[in-house]
Structure formats: C-alpha cells, structure tokens
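Per-entry structural report
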Amino acid sequence: MRYITIALPKGRLAKKVMKMLEQTGITCEEMKDEQSRKLIFVNEELKLKFFLAKATDVPTYVEYGAADIGVVGKDTIMEEGRKLYEVVDLGIGKCRMCVAGPASARELLQNHEMIRVATKYPNIAKNYFYNTKHQTVEIIKLNGSIELAPIVGLSEVIVDIVETGTTLKENGLEVLEEVCPLSARMVVNQVSMKMENQRINQLIESLKSVL
Ligand code: PRP
C-alpha cells in the first residue's frame with residue numbers, strides 16, 4: 001500500500017487538525033514533540049505521511065500531487081487559485097475577509113472613488129472590487145501588518161482577515177464591508193481523488209463525523 005500524504009500548514013491550524021484526526025483514531029505521536037524541528041511525520045500502520053508547509057504553499061503541493069491531501073484556509077485557496085478539489089469545511093479557524101479602514105473611508109467606497117487598497121491578498125481584492133463591486137481601484141500588495149497602510153497614508157482602505165476585530169479596533173480602524181466568511185478546508189489532488197478514492201473518501205467521512 002502506498003502512503004497517502006497530507007500537507008498541513010505549520011502552526012496553530014496543524015495542531016487543531018491533528019486533534020480532529022485523533023478523534024477519528026488517526027494519531028501521529030512523532031508530531032507531538034513541541035521542540036522538534038522535523039517537517040515530515042509518518043504513521044506506519046495507516047500508511048499516512050504528514051508534512052508541515054507554509055500555509056500559502058499548501059495548495060501548490062496539492063495541485064502538483066506532492067501531497068494527496070491538504071488543509072488550508074479558504075483565503076489561501078481563493079488567493080492561490082490552484083486546480084484542486086475542496087471537499088470539507090472543517091469549521092475551524094473561522095474568520096472573515098473584510099474591507100477595513102477609517103470611518104471616513106466609508107464615503108469613498110460608497111461613491112466608487114478611485115481608492116488605493118493595501119492587502120496581502122491581491123487576487124481576492126481584485127476579484128471583489130472589479131467583479132463584485134465593479135469599482136476601479138489601485139491594489140497595493142503588502143506582506144503583513146496591513147493595518148499600518150491606511151494609518152500612514154499608503155492606502156485609503158485594506159482588504160484583510162478579521163478574526164476578533166482587536167487589531168482593527170486598537171488601530172482606530174473598522175470593518176467597512178464584508179468580502180466573505182473564511183475557515184479551514186480540506187483539499188484533495190484531482191488525480192489522487194480518482195486513484196485513491198476509497199481511502200480518501202474514508203478519511204473525508206471520518207472527519208465529517210467529528211465536525
Ligand atoms: C491577521 C490579520 C490581522 C489580524 C486579525 O494577521 O492580518 O492583522 O490577524 O486578527 P484580529 O481580528 O483577531 O485582531 P496575522 O497575525 O496573521 O499577521 P500579519 O497579517 O500581520 O502577517
């Protein structure tokens with residue numbers, strides 16, 4: 001039997017997913033060592049291989065078949081636009097993709113003004129403003145601390161993830177529009193879905209049973 005390979009995003013989400021898998025009887029003792037810097041873990045009995053990748057790279061590993069299965073946020077799935085099957089909403093890591101900014105930017109949005117939008121998610125922002133809102137904007141790609149942009153005058157608004165809303169609040173910003181709700185999803189390589197249909201479906205069903 002060949003290994004089924006599962007790509008998990010390094011960090012908090014990987015831990016939550018492993019907890020869910022444990023509830024279905026799938027464990028990986030090796031992975032629990034917090035000190036370890038290891039990136040690949042194996043469950044020999046079940047012939048499962050887990051690896052920890054950077055979240056934004058998970059769809060890439062799955063599209064190319066380096067992983068049969070991946071767990072990743074809906075934000076990354078939308079931004080990366082890879083060819084893969086999205087099969088389960090795991091209901092963890094829930095948050096929202098939002099347009100945010102100072103209250104004064106509300107008017108600029110309403111009047112469909114040519115504004116600057118800073119974001120880590122240029123494809124999501126482009127799709128939202130151009131295809132959903134039919135508003136021409138300038139998208140500025142940043143890599144983190146997006147909330148800075150409207151404060152220092154780089155942009156009028158941002159498109160970013162809002163979880164508790166604390167970051168916005170503490171920086172004098174607010175949610176102006178909601179783009180979409182987000183959560184972690186299980187994704188599957190399109191060829192693996194056919195070749196390993198039985199084992200993958202079994203995994204999907206047992207995950208669904210603990211949701
Ligand atoms: C995310 C997001 C917001 C914050 C939202 O940032 O970009 O800044 O979390 O969470 P809150 O609504 O609970 O305050 P992250 O910590 O991933 O860092 P980065 O975007 O600055 O890299």
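To be clear, the structure that these remarks concern was listed above.
So, a few notes on the structure that sits alongside this text. Owing to the predicted nature of the structure, the values given are computational and were not obtained by experimental measurement. (Residues numbered from 1 in each chain as written. Predicted model: local features only at pLDDT ≥ 70, side-chain atom pairs only at ≥ 80, totals over all residues. Heavy atoms only, no water.)

**Focus on the site of the ligand**
Our working rule: Near residues are defined by distance, with any heavy atom within 4 Å of the molecule or strand qualifying the residue. In protein, a polar contact means a hydrogen-donor-capable atom and an acceptor-capable atom, both N or O and within 3.5 Å, with residues adjacent in sequence counting only if both atoms are side-chain atoms; elsewhere, any N or O pair within 3.5 Å suffices. Exposure was quantified through the Shrake-Rupley algorithm and a 1.4 Å probe, taking into account, for residues, occlusion by the shown protein chains and nothing else. For helices the rule is a DSSP run of H or I covering at least 4 residues; for strands it is a run of E covering at least 2, with both sets numbered from the N terminus onward. Each residue receives one of three labels: charged for Asp, Glu, Lys and Arg, nonpolar for Ala, Val, Leu, Ile, Met, Phe, Trp, Tyr, Cys and Pro, and polar for the others, Gly being one of them.
All residues adjacent to the ligand are K120, G144, S145, E147, D160, I161, V162, E163, T164, G165, T166 and T167. The separation between an oxygen atom of the ligand and a polar main-chain atom of S145 is 2.7 Å. Bound to the protein, the ligand loses 66% of the 490 Å² it would expose on its own. Residue assignment for the shell around the ligand shows that the elements contributing at least two residues are strand 9 (157-162) and helix 7 (166-170). It is strand 9 that contributes the most residues to the shell around the ligand, three residues altogether. For the shell around the ligand, a count of residues per class yields two nonpolar, six polar and four charged.

**Topic: the sheet that holds strand 11 (residues 184-188)**
We apply this condition: Strand pairing is defined by DSSP finding a minimum of two bridges between the two strands. Think of each axis as a best-fit line through the C-alpha atoms, taken over the contacting stretch in the case of a helix, with angles from 0 to 180 degrees between the N-to-C directions. Any pair of residues with heavy atoms lying within 4.5 Å of one another is described as a contacting pair.
A sheet is described by the order of its strands in space; here six strands give the open sequence 2-3-1-4-11-5, paired in mixed fashion. What marks the edges here is a single partner per strand, and that holds for strand 2 (40-43) and strand 5 (85-89). The mean inter-strand angle of the sheet, taken between neighbouring strand axes irrespective of direction, is 25°. The strands touched by helix 1 (residues 12-23) are strand 1 (4-9), strand 3 (48-53), strand 4 (69-73) and strand 11; relative to strand 1, the strand with the most contacts, the crossing angle is about 135°.

**Some thoughts on helix 1**
This is how the line gets drawn: Under the convention used throughout, the expected extent of a helix is 1.5 Å for every residue step, that is, one less than its residue count. Note on classification: 1.4 Å probe, protein chains only; a residue is buried when its accessible area is under 20% of the maximum for its type, exposed when over 50%, partly exposed between these limits. Directions from the helix axis toward the C-beta atoms define the arc.
Compared with an ideal rise of 1.5 Å per residue, which puts twelve residues at 16 Å, helix 1 spans 17 Å between its outermost C-alpha atoms and is within 8% of the ideal. If you check which residues of helix 1 are buried, you get L13, A14, V17, M18, M20 and L21. Mapping the buried residues of helix 1 onto a view down its axis gives an arc of 160°, with all of them on the same face. Opposite the buried face of helix 1, by more than 90 degrees, sit the exposed residues R12, K19 and Q23. Turning to helix 1, the residues buried within the fold contact strand 1, strand 3, strand 4, strand 11 and helix 9 (197-209). The first or second residue beyond helix 1 is G25, which carries a positive phi of 95°.

Functional significance is not addressed by these values, which are geometric in nature.
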